[in-house]
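The primary structure of each chain is shown beneath.
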Amino acid sequence: MAVSIHPHWENILQDSFESPYFKTLIDFVKSDYGAARCFPPGKFIFNAFDLCPPEKIKVVILGQDPYHGSGQAHGLCFSVPAGIPHPPSLINIFKELQEDVQIPYPSSGDLSPWAKQGVLLLNATLTVQAYKAGSHQGKGWEKFTNHVIQILSDQYENIVFLLWGGYAKQKLKLIDGKKHCVLSSGHPSPLSANRGYWFGNEHFSKTNAYLTEKGKEPIDWAL
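Before going into details, it helps to say that this report is about the structure given with it. Predicted, not measured: the structure shown is a model, and the values here were computed from it. (Residues numbered from 1 in each chain as written. Predicted model: local features only at pLDDT ≥ 70, side-chain atom pairs only at ≥ 80, totals over all residues. Heavy atoms only, no water.)

**Remarks on the overall build of the protein**
Then, number 1: The number of helices and strands found in the protein is nine helices and six strands.
Then, number 2: Relative to the globule expectation of 17 Å for 223 residues, the C-alpha radius of gyration of the protein, 17 Å, shows essentially globular dimensions.
Then, number 3: Expressed along its principal axes, the backbone C-alpha trace of the protein runs to roughly 45 × 35 × 25 Å.
Then, number 4: Within the protein, the fraction of its 223 residues that count as buried is 52%.
Then, number 5: Considering only residue pairs separated by 6 or more positions, the protein has 67% of its internal contacts joining residues 24 or more positions apart.
Then, number 6: Of the roughly 10000 Å² of accessible surface on the protein, 52% is carried by carbon and sulfur atoms.
Then, number 7: Each charge sign in the protein was given a centre, from 20 positive and 20 negative side chains, and these centres are 5 Å apart. (Helix = DSSP H or I, 4+ residues; strand = E, 2+ residues; numbered from the N terminus. Rg over C-alpha atoms; globule rule 2.2 N^0.38 Å. Buried < 20%, exposed > 50% of the residue type's maximum accessible area, 1.4 Å probe, protein only. Contact = heavy atoms within 4.5 Å. Areas by Shrake-Rupley, 256 points an atom, 1.4 Å probe, with all protein chains shown as cover. Lys, Arg positive; Asp, Glu negative; His and termini not counted. Charge placed at Lys NZ, Arg CZ, Asp CG, Glu CD.)

**Some words on the packing of helix α1 (residues 7–17) against helix α6 (residues 141–155)**
Then, number 1: Put simply, α1 and α6 touch, their axes get as near as 11 Å, and they point 135° apart. Considered as vectors, α1 and α6 are oriented oblique to each other. The crossing of α1 and α6 is right-handed. Side by side, α1 and α6 meet where Trp 9, Ile 12, Leu 13, Ser 16 and Phe 17 of the first sit next to Phe 144, His 147, Val 148, Ile 151 and Leu 152 of the second.
Then, number 2: For the contact of α1 with α6, a count of residues per class yields eight nonpolar, two polar and no charged. (Axes fitted to C-alpha atoms, helices over the stretch in contact; angles between N-to-C directions. Parallel < 35°, antiparallel > 145°, perpendicular 65-115°, else oblique. Left-handed = near helix turned anticlockwise from the far one by under 90°. Nonpolar A, V, L, I, M, F, W, Y, C, P; charged D, E, K, R; others polar.)

**Some points on the packing of aromatic side chains**
For any two aromatic rings, the description comes down to two numbers: the centre-to-centre distance and the angle of the planes.
Then, number 1: Tallied over the entire structure, the rule returns 19 aromatic pairs.
Then, number 2: Relative to Trp 141, the ring of Phe 22 lies with its centre 6.2 Å away and its plane at 85°, an arrangement referred to as edge-to-face. Pair noted here: Phe 22 is in helix α2 (residues 20–35) and Trp 141 is in helix α6, with a separation of 119 residues, a long-range link. With respect to class, Phe 22 is no different from Trp 141; both count as buried. (Phe/Tyr/Trp six-rings, centres within 6.5 Å; stacked < 30°, edge-to-face > 60°.)

**Quick word on the packing of α2 against α6**
Then, number 1: For the pair α2 and α6, the least separation of the axes is 9 Å and the interaxial angle reads 125°. In this view, α2 runs oblique relative to α6, as classed from their interaxial angle. Two packed elements cross with a definite hand, and for α2 against α6 that hand is left-handed. Mapping the contact onto sequence places Tyr 21, Phe 22, Leu 25, Ile 26 and Val 29 in α2 and Trp 141, Lys 143 and Phe 144 in α6.
Then, number 2: The residue inventory of the contact of α2 with α6, partitioned by class, reads seven nonpolar, no polar and one charged.

**Thoughts on the nonpolar core**
The tendency in soluble globular proteins is for nonpolar side chains to be buried as a group.
Then, number 1: Counting 66 residues, the largest nonpolar core has Phe 49 and Phe 144 as its most contacted members.
Then, number 2: Considering every element that reaches this core, the biggest residue donor is α6, with six residues.
Then, number 3: When residues no more than four places from it in sequence are discounted, the contact partners of Phe 144 are Leu 13, Ser 16, Phe 17, Tyr 21, Phe 22, Phe 46, Phe 49 and Leu 126. (Core = buried A, V, L, I, M, F, W, Y, C linked by side-chain atoms within 4.5 Å.)

**Thoughts on helix α9 (residues 203–213)**
Then, number 1: Turning to α9, its buried residues are His 203, Phe 204, Thr 207, Asn 208, Tyr 210 and Leu 211. Along the long axis of α9, the arc covered by the buried residues comes to 160°, so they all point the same way.
Then, number 2: The inward-facing, buried residues of α9 contact β2 (59–63), α4 (88–101), α5 (112–116), β5 (160–164) and β6 (181–185).
Then, number 3: Phi for Gly 215, located one or two positions after α9, is positive at around 80°. (Arc of directions from axis to C-beta.)

So this is what it looks like as structure tokens:
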């Protein structure tokens, strides 16, 4: 099955797309999208890749599953389309953003402007059945997205990887810390944030300090 994705990604991921595991994965996704309501809409499954070609990437933020509520997921981790109420984790991301880089709390939860500046908003699993968290885990998406992280680590340099929470921190073994900047903290979910593991991590300002040090344009975090 042909995958519709930014041509620059297609070039470096072609082996994955032609592999048996990926064909099995796509067959599963097509079947489940046909049998049940799934998110995000098909045209947004590879949205993170389409908005952020590999040579443009400055920052990688790792999520786990797409949001599984109606109208929320659009292919970018932690992001929701404009007009959709902000989920709890996104609220805490924006609160930390306010404190860290002194910008107003955003009215829109759409993080597309970050993606267009080079922030890859990558979920480990790119699809989910409606209202069933984790329902598409273990089907092959994790193998695919792990390969993406490995390629970015091996073939590029001076990328900031933001690992929020225990699941994201498991990806540390895929990243060459000598070539890249890795920042980790607790997850922005209320359970973690309210225990003191999220607020005050200053990841947004630290990211821009690193990018500036490496001669790269910092991210404008305002939305």
